[in-house]
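As a plain string of letters, each chain reads:
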There are 2 protein chains.
Amino acid sequence: MEPIRIGVLGLGTVGSGTVSVLHRNAGEIARRAGRGIDVVRAAARHPDRERSCDLTGIEVTGDARAVVDDPDIEVVVELIGGTDAARELVLRAIRQGKHVVTANKALIALHGNEVFSAARAAGVIIAFEAAVAGAIPVIKSVREGLAGNRIRSLAGIINGTCNYILTAMQSVGKPFDEVLAEAQALGYAEADPTFDVEGIDAAHKLTILASIAFGHPLQFERVHVEGLGVVEPADISYADQLGYRIKHLGVARHSERGIEMRVHPTMVPKQHLLASVDGVMNAVLIEGDAAGPIVCHGAGAGAEPTASSVVADLVDVVRTLTTDPDQRVPHLAFQPDRIANLPLLAMEEVETAYYLRMLAEDRPGVLAELASIFGELDISIEAVVQREPPRGVRQVHLIMLTHQVRESRMDTAVARIEASSCVEGSVTRIRVEHFGAE
Amino acid sequence: MEPIRIGVLGLGTVGSGTVSVLHRNAGEIARRAGRGIDVVRAAARHPDRERSCDLTGIEVTGDARAVVDDPDIEVVVELIGGTDAARELVLRAIRQGKHVVTANKALIALHGNEVFSAARAAGVIIAFEAAVAGAIPVIKSVREGLAGNRIRSLAGIINGTCNYILTAMQSVGKPFDEVLAEAQALGYAEADPTFDVEGIDAAHKLTILASIAFGHPLQFERVHVEGLGVVEPADISYADQLGYRIKHLGVARHSERGIEMRVHPTMVPKQHLLASVDGVMNAVLIEGDAAGPIVCHGAGAGAEPTASSVVADLVDVVRTLTTDPDQRVPHLAFQPDRIANLPLLAMEEVETAYYLRMLAEDRPGVLAELASIFGELDISIEAVVQREPPRGVRQVHLIMLTHQVRESRMDTAVARIEASSCVEGSVTRIRVEHFGAE
């Protein structure tokens, strides 16, 4: 099947990231979607500027309307931001029967009711996963994954700038103004940070999440919004003494009395998952009456994390348009004829770090003998812990942490250790993993 | 539109939970799906047994085939578990052109390739979100939400029994056998715990996740599986000293060398989100090349959490069957004509706990005066912290934590405090929230 042809409006951070991801993962994406996704035209305010993405085969223009109007283009990806031009372009695309993917939270929060009703009238798809919490598929999780629940509440760290500032205030004890200036210098806060630190950006996102959770119209103007400014280093320190962390949260709750929507600094118990979300990461807690609490954590902004959600929406559009109902989402994510017999590593080929526990003779030379076994096999040791034995006991617990080593080599090392006279019995092995997002 | 008619096979924990959730949330579910979901027949081995769910209007039979064969039934929900009878019933439903929702990880991991190919031939949907990680919409997140990514790795705490045992070993320092016996007494482990503690259940789930992430056929027999038995209390204590927690993980990784699939006890750095997943909770970390690391956390088992995913799949089936492509998933999750103008609470009506910071006179009677203001307004105090002032300074920082109080009442309290002579300047207010899942 021919690739679907799309036009991208905006080649800033997210626009360039989207072009890069579509290009780099084209094979994987086509295996999942059932057909390729080709960016044929893009619009940018400065069409001749150098970009971080490869624009080969993409016609770049300064005229966004020309991209929207291009009869070759089936899906318009709006990544301009703001509400005036974006609203006009999105409505224009809809009127021409084109599907739209957008990352624009302000557009959806402020004009979503109008945009959705135009889309329904035209019979087109509007997808906006990237508008909330960057790479986290939170809209899909709430709208589809928790569709059986009466959702009780949502609470989200949904503005990375605020969370970066609070995390930095926490770790260095500096006041808000100083940390904000540093964040601006590092690119984690905009030159005009008002939208972020005053809570407006978070309120846009909360507006969207609350409507999806509870089923009421988008009502940004009803969100109670407080910024970060009130928080002083003293508060962070008192909160710590009392067992809390201060986070800037968007909270929406559905009680018998009505719906709450509010954005403000909030003290959260230290042991709660939300309290350990640091830096520019985002997290959303959703409480359903059947599911209980679900927390989704991930990158809330940035070129490729946001592009991840834009492309997921594009794949959703393609799957909806081009497959039979029973095939809309393939069972195993990839189209049946594109399931591949990828090489599977035998366990002996896998590399992990290792924790080893053994009962060793408590005499000189034992550690040297063990070290020489590891040395010969080129296994590098990260740490050794030896527990002094009680009086009269000859063996000690010897604990070793290794760096990454291939399983087969560790098998050899352990066999040699168990055969040696300096260790009694067998060696207990537990693998050590360091994942991302630590 | 008429409700869709479904038949439920199995009225055990998950079956009863599914009937309860469909009944309790019928209104909410119909608003999202566009039509109701009616359980018309159910099959159970002991059809006359008392159940925790309301079976009014549901014909319960001992003959599962009769439910599958009932021409009135459009969707079969398989919640029997096991592989023999379940496989036969699911294939029978497919051959009759019926859509199937299942929570059966063993069935999908061992017979999924056969089941999916039968479903494709018959043009029916097979949905299995509930097969992995209970209430967490992890299959949807990987299959759809991260569809733009080359997925690098997955790591999951996907067996609640193992995690409960490890958490208990960690907190009380008892050996595996003792903790297992206690878990069995409490109902957190089965009488025959082999599937859980030997890692087989986790391997079933990892098989499914890995295929969805990487696009290879289901290959349960290629998963390297190690149980929990190797871990002794000493290892948990040494791990703690070295900065780690021991978790029983399913790990799948896609490197240039090939795909790894393995289930084993693993040491994870303490500061990693996976390390703080305690008790019967589940969590899955997914690393995409664009999205970066995403962690989803929630209840991994239990009647209603699993039912949450079963019902989400049912809503997906209904949305796929009954709506135009552009309307498959409504923009705001609920069908456009069912978006309701729910009452929105004004901020003054919202109730939260409060942290208050004020500069108070350092003289006798101040605390009594403040306490009487709170007492008159029926605001209850949880904690008071007062910092001794440096020599020569007359005011002190006074910190108060309140219990839940309505905003309007706190406004009054703060106005009175600020007007009183015992406090200088304004009172800093930060709300305190206690969410679920702490």
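Residues numbered from 1 in each chain as written. Chains lettered and ligands numbered in written order. Predicted model: local features only at pLDDT ≥ 70, side-chain atom pairs only at ≥ 80, totals over all residues. Heavy atoms only, no water.

Peer 1: What is the right way to read the overall build of chain A from this model?
Peer 2: Helix and strand counts for chain A come out as 14 helices and 17 strands. Overall, the C-alpha framework of chain A stretches about 85 × 55 × 45 Å when taken along its three principal axes. Per-residue burial for chain A yields a buried fraction of 61% across its 438 residues. Put simply, 70% of the contacts in chain A that link residues at least 6 apart link residues at least 24 apart. Between the mean site of the 42 positive side-chain charges and the mean site of the 58 negative ones, chain A shows a separation of 3 Å. (Helix = DSSP H or I, 4+ residues; strand = E, 2+ residues; numbered from the N terminus. Buried < 20%, exposed > 50% of the residue type's maximum accessible area, 1.4 Å probe, protein only. Contact = heavy atoms within 4.5 Å. Lys, Arg positive; Asp, Glu negative; His and termini not counted. Charge placed at Lys NZ, Arg CZ, Asp CG, Glu CD.)

Peer 1: Sorry, what's going on with the relation of the copies chain B and chain A here?
Peer 2: The operation relating the pair of chain copies consists of a rotation about an axis and a translation along that axis. Overlay of chain B on chain A (RMSD 0.0 Å): rotation 180°, translation along the axis 0.0 Å. The transformation just described matches what one would write down for a two-fold rotation axis. When each C-alpha of chain B is compared by its distance to the rotation axis, C296 of chain B comes out closest, at 2.2 Å. Looking at chain B, 100% of its interface residues are interface residues in chain A too, so the copies touch through the same face. (Least-squares fit on C-alpha atoms with pLDDT ≥ 70 in both.)

Peer 1: I tried to follow helix α7 (residues 160–172) of chain B on my own but got confused; where do I start?
Peer 2: All names here are of chain B. Relative to the 18 Å expected for 13 residues at 1.5 Å per residue, α7 spans 18 Å between its end C-alpha atoms, a close match to the ideal helical length. Of all 13 residues in α7, 10 are buried, a share of seventy percent or more. Burial in α7 covers these residues: G160, T161, C162, N163, Y164, I165, L166, T167, A168 and M169. Residues of α7 that are buried in the fold lie against β7 (151–157), α8 (176–186), α9 (194–197), α11 (233–242), β9 (244–255) and β11 (281–288). (Expected span 1.5 Å × (residues − 1).)

Peer 1: What is the right way to read the packing of helix α5 (residues 105–122) of chain B against helix α10 (residues 200–214) of chain B from this model?
Peer 2: All names here are of chain B. Two numbers describe how α5 lies on α10: the axes approach to 9 Å, and their chain directions differ by 55°. Comparing the axis directions of α5 and α10 gives the class oblique. When you trace α5 past α10, the crossing you get is left-handed. Between α5 and α10, the residues in contact are K105, A106, I108, A109 and L110 and D201, H204, K205, T207 and I208, respectively. Of the residues assigned to the contact of α5 with α10, the class counts are five nonpolar, two polar and three charged. (Axes fitted to C-alpha atoms, helices over the stretch in contact; angles between N-to-C directions. Parallel < 35°, antiparallel > 145°, perpendicular 65-115°, else oblique. Left-handed = near helix turned anticlockwise from the far one by under 90°. Nonpolar A, V, L, I, M, F, W, Y, C, P; charged D, E, K, R; others polar.)

Peer 1: Is there a simple way to explain the side chain of R51 of chain A in this structure?
Peer 2: Residues and elements named next belong to chain A. Positionally, R51 belongs in the loop between β2 (37–43) and β3 (59–61). Of the side chains with opposite charge, D48 comes closest to the buried, unpaired R51, at an N-O distance of 8.2 Å. If sequence neighbours within four positions are ignored, R51 has contacts with L11, S16, A44 and H46. (Salt bridge = Lys/Arg side-chain N within 4 Å of Asp/Glu carboxyl O.)

Peer 1: Please clarify how the packing of aromatic side chains should be interpreted in this entry.
Peer 2: The geometry of an aromatic ring pair is captured by the separation of the ring centres together with the interplanar angle, meaning the angle of the planes. Residues and elements named next belong to chain A. One pass over the structure, following the stated rule, counts four aromatic pairs over all chains. Relative to Y188, the ring of Y164 has its centre 4.6 Å away and its plane inclined at 45°; by these criteria the two rings are tilted. Highlighted residues: Y164 in helix α7 (residues 160–172) and Y188 in the loop between α8 (176–186) and α9 (194–197), separated in sequence by 24 residues. Judged by its relative accessible area of 16%, Y164 is buried. The partly exposed category is assigned to Y188, whose relative accessible area is 39%. (Phe/Tyr/Trp six-rings, centres within 6.5 Å; stacked < 30°, edge-to-face > 60°.)

Peer 1: How should the side chain of S141 of chain A be read in this particular structure?
Peer 2: Its location among the elements puts S141 of chain A in helix α6 (residues 138–145). In this structure S141 of chain A touches L146 and C296 of chain A together with P137 and S141 of chain B, once residues within four positions along its chain are discounted.

Peer 1: What am I meant to see in the sheet that holds strand β5 (residues 99–102) of chain B here?
Peer 2: The strands making up a sheet are joined through hydrogen bonds of the backbone, oriented either antiparallel or parallel. All names here are of chain B. Read from one edge of the open sheet, six strands run β3-β2-β1-β4-β5-β6, paired in parallel fashion. The open sheet terminates on both sides in strands that have one partner only, identified here as β3 (59–61) and β6 (126–127). Strand direction decides the pairing type here: strand β1 (residues 4–9) and strand β2 (residues 37–43), joined by six bridges, are parallel. Each bridged residue has a counterpart across the sheet, and for I4 the counterpart in β2 is I37. (Pairing = 2+ DSSP bridges.)

Peer 1: Mind showing me how you'd approach unusual backbone geometry here?
Peer 2: Of all residues except glycine, most have a negative phi; of all peptide bonds, most are trans. All names here are of chain B. The phi torsion at A133 lies on the positive side, around 60°, for a residue other than glycine. Of note in this structure, D378 is not a glycine but carries a positive phi near 65°. Its place among the elements puts D378 in the loop between α13 (366–376) and β14 (381–386).

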